[in-house]
Amino acid sequence: MKKSTQAAHGHAGHDCAEGCDHEHHHHHARPEAGGIYLISPSSAVRDPATVALACERLEQEGFKTKVDRAALAVNQRFAGTEKQRLAGIERALKQKYPIVMATRGGYGLSRLLPLIDWRAVADSGKRFVGLSDFTAFNLALLAQTGAVSYSGPTAVADFGGKKVDDLTAALFGELMRGELEILSFETSDADPVDARGVLWGGNLATMMSLLGTPYMPKIRGGILFLEDVAEHPYRVERMLAQLWQAGILQKQKAIVFGHFTEYRLAPHDAGYDMPAVIKWLRSVVKVPVITGLPYGHIRSKATLPIGKKVGIATEAGMVHLVIDEHEH
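A brief look at the structure comes next. Being a predicted model, the structure only gives us computed values, none of them experimental.

Cut-off values and rules
Residues numbered from 1 in each chain as written. Predicted model: local features only at pLDDT ≥ 70, side-chain atom pairs only at ≥ 80, totals over all residues. Heavy atoms only, no water. Helix = DSSP H or I, 4+ residues; strand = E, 2+ residues; numbered from the N terminus. Expected span 1.5 Å × (residues − 1). Contact = heavy atoms within 4.5 Å. Buried < 20%, exposed > 50% of the residue type's maximum accessible area, 1.4 Å probe, protein only. Polar contact = N/O pair within 3.5 Å; in protein donor to acceptor, adjacent residues only side chain to side chain. Salt bridge = Lys/Arg side-chain N within 4 Å of Asp/Glu carboxyl O. Core = buried A, V, L, I, M, F, W, Y, C linked by side-chain atoms within 4.5 Å. Pairing = 2+ DSSP bridges. Axes fitted to C-alpha atoms, helices over the stretch in contact; angles between N-to-C directions.

1. A look at helix H9 (residues 233–245)
- End to end, H9 covers 18 Å across 13 residues, agreeing with the expected 18 Å (1.5 Å per residue, within 8%).
- Against the buried residues of H9 lie helix H8 (204–208), strand S10 (223–229), strand S11 (254–261) and helix H10 (274–284).
- Trailing H9 by a residue or two, glycine 247 shows a phi angle of about 80 degrees, which is positive.

In structure tokens, the structure reads:
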């Protein structure tokens, strides 16, 4: 997220943004955030030290942590066999901590979807959070049970690196503690909208892999948010074309773009880039399109509740995502 994109979050009567002057790390004033149980349902963790560091950092943010005993398992590119990864999810449902976080994304959940007891996941009341490949888990849970889960940080990428992004940590903590009412962010390109609907989406390529399966939610009047990494704009457009031709995009109240990063244009693209994709999308789908959501394979990212009914409204250069409507 560029410094010019400020993600402000309204709660308890103040707005804060990057470089805000109040301190996020007051431990004495912090309400109990509960604990986080770490699992590896997708690709193998490359360096176990990053998981240990992530635990340390999460504890500094006020969360106790426990790492599942198979979280560091390796089988080919996967974090263990299907059986091991499935057992990790099952243990996560039975342990005491309220939040379950994926150590990382990559690939691997697609193999597990038919093997997971989705009703048991929903009934556990645990808050599952992850990004990227974890979109398969988020959307399958929603499709199968209607339960809410979260798209946001993963342990290694966001808490196990050189530095923790303050905004990512703050937004995650606030959402987990039920303090985040409104996520506001700057946009340079948004159609006017004022709507309410079920928030859903995530990683675009992962979502496409669910089309036509029992793990793709059937959402009408939703607010669809999308991101991807290392996908050329024409591939992004091809996936969006499929969602349009499958009749999904035109049923939404808004389509919200997070960040599409780490792709390389070719000389023959001749000016074709993500803005061209968005221009094309607007020409075929008459649904408000919004850009600038601080979300994706980027340092500063929001945590978003998939399956929750939210509000979205735009005003000059700003978008407000109403996560929690409190009666004031």
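2. Points about the side chain of serine 42
- With respect to the helices, strands and loops of the structure, serine 42 is situated in the loop between strand S3 (35–39) and helix H1 (48–60).
- The exposure class of serine 42 is buried, given its relative accessible area of 1%.
- Within the local environment of serine 42, its side chain forms a polar contact with the side chain of aspartate 133, the two groups lying 2.6 Å apart.
- If we ignore the near neighbours within four places in the chain, the residues touching serine 42 are Phe78, Ala79, Arg85, Arg104, Gly105, Tyr107, Gly108, Leu109 and Asp133.

3. Describing the pattern of salt bridges
- This model, assessed by the stated rule, comprises nine salt bridges.
- Here arginine 85 and glutamate 82 are joined by a salt bridge, their closest N and O atoms 3.8 Å apart. Of this pair, arginine 85 and glutamate 82 both sit in helix H2 (residues 82–94), three residues apart, which is roughly one turn of that helix.
- Owing to a relative accessible area of 2%, arginine 85 belongs among the buried residues under this scheme.
- Using a relative accessible area of 28% as the deciding quantity, one classes glutamate 82 as partly exposed.
- Its salt-bridge partner being glutamate 179, residue arginine 177 comes within 3.1 Å of it at the nearest N-O pair.
- Residues joined in a network through salt bridges with shared partners are Glu82, Arg85 and Arg111.

4. Observations concerning the nonpolar core
- Among the nonpolar cores identified, the biggest contains 92 residues, and Phe137, Phe172 and Ile312 are the most heavily contacted of them.
- Residues in contact with isoleucine 312, not counting those within four places in the same chain, are Val193, Asp194, Ala195, Ile223, Ala254, Val256, Ile290, Val319, His320 and Leu321.

5. Regarding the pairing of strand S9 (residues 194–203)
- In terms of residue burial, S9 counts as a mostly covered element, since seven of its 10 residues are buried.
- By the bridge criterion, five bridges tie S9 to strand S14 (residues 309–315) in an arrangement that is antiparallel. By the bridge assignment for S14, glycine 197 is matched with valine 310.
- Examined bridge by bridge, S9 and S10 share five bridges and lie parallel to one another. Counterpart to glycine 201 in the pairing with S10 is phenylalanine 225.

6. Observations concerning the sheet that holds strand S5 (residues 99–102)
- Taken in spatial order, the six strands line up as S4-S3-S5-S6-S7-S13 in an open sheet, and their pairing is mixed. The sheet is open, and its two borders are formed by strand S4 (64–67) and strand S13 (304–306), each paired with just one other strand. Within this sheet the neighbouring strands show an average axis-to-axis angle of 30 degrees, counted without direction.
- Of the pairings in the sheet, the one linking S3 to S5 comprises four bridges and is parallel in character. Counterpart to tyrosine 37 in the pairing with S5 is valine 100.
- The strands touched by helix H5 (residues 135–145) within the sheet are strand S6 (127–130), strand S7 (149–151) and S13, with S7 carrying the most contacts at an inclination of about 150 degrees.

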